[in-house]
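The primary structure of each chain is shown beneath.
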Amino acid sequence: MTTVILGMLVALLLAVGVVALVAVPARREGRELLTPQGEQLVQQARERVGELRDRLPSRDGGTSSTPDR
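Now for a quick tour of the structure. Everything numeric here is computed off the predicted structure, so don't read it as measured data.

**What about the overall build of the chain?**
- Each helix and strand counted, the chain has two helices and zero strands in total.
- Taken over 69 residues, the chain has a buried fraction of 4%.

Okay, structure coming up:
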């Protein structure tokens, strides 16, 4: 069991390393990480989350529809 967990952690660290090697230099050069289609999907997801948040009952007894930040 410990071997499986350690293997998963090593795989995770390798994945993070690869993403860092690719994404950090690209971001420094000003390139976007997602394609225009990917950016559109992210925007749609954010809008959907906002819509769902507005539908949820508030946790503070109904005095506010948005959480304090």
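Following the structure, the description resumes.
**Thoughts on the pattern of salt bridges**
- The final tally for this structure, using the stated rule, is two salt bridges.
- Salt-bridge contacts for Arg 31 lead to Glu 29; the nearest nitrogen and oxygen are separated by 3.0 Å.
- Assessed through its relative accessible area of 46%, Arg 31 is described here as partly exposed.
- In this structure, Glu 51 and Arg 48 form a salt bridge, with 3.7 Å as the shortest nitrogen-oxygen distance. Taken together, the positions of Glu 51 and Arg 48, both in helix 2 (residues 36-55) and three residues apart, correspond to about one turn of that helix.

**Let's talk about helix 1 (residues 2-28)**
- The terminal C-alpha atoms of helix 1 lie 38 Å apart, and with 27 residues this matches the ideal 39 Å at 1.5 Å per residue to within 8%.
- At Ala 20, helix 1 shows its largest bend, some 25 degrees.
- Looking one or two residues past helix 1, Gly 30 carries a phi angle of roughly 90 degrees, positive in sign.

Parameters and conventions
All chains use their own residue numbering, which begins from 1 and follows the written sequence. For a predicted model such as this one, the threshold for reporting local features is a pLDDT of at least 70, and the threshold for listing and counting side-chain atom pairs is 80 or more; totals across whole chains, interfaces and linings nevertheless cover every residue. Just so you know, side-chain values use all the structure's heavy atoms and leave hydrogens and water out. Secondary structure follows DSSP: runs of H or I at least 4 residues long count as helices, runs of E at least 2 residues long count as strands, and numbering of each begins at the N terminus. A 1.4 Å probe rolled over the protein chains alone gives each residue an accessible area, and that area as a share of the maximum for its type sets the label: buried under 20%, exposed over 50%, partly exposed in between. The term salt bridge refers to a pairing of a side-chain nitrogen on Lys or Arg with a carboxyl oxygen on Asp or Glu at a separation within 4 Å. By this rule the span expected of a helix is its residue count minus one, scaled by 1.5 Å. Here the bend at a residue is taken as the angle between two axes, fitted respectively to the seven residues that end there and the seven that start there.

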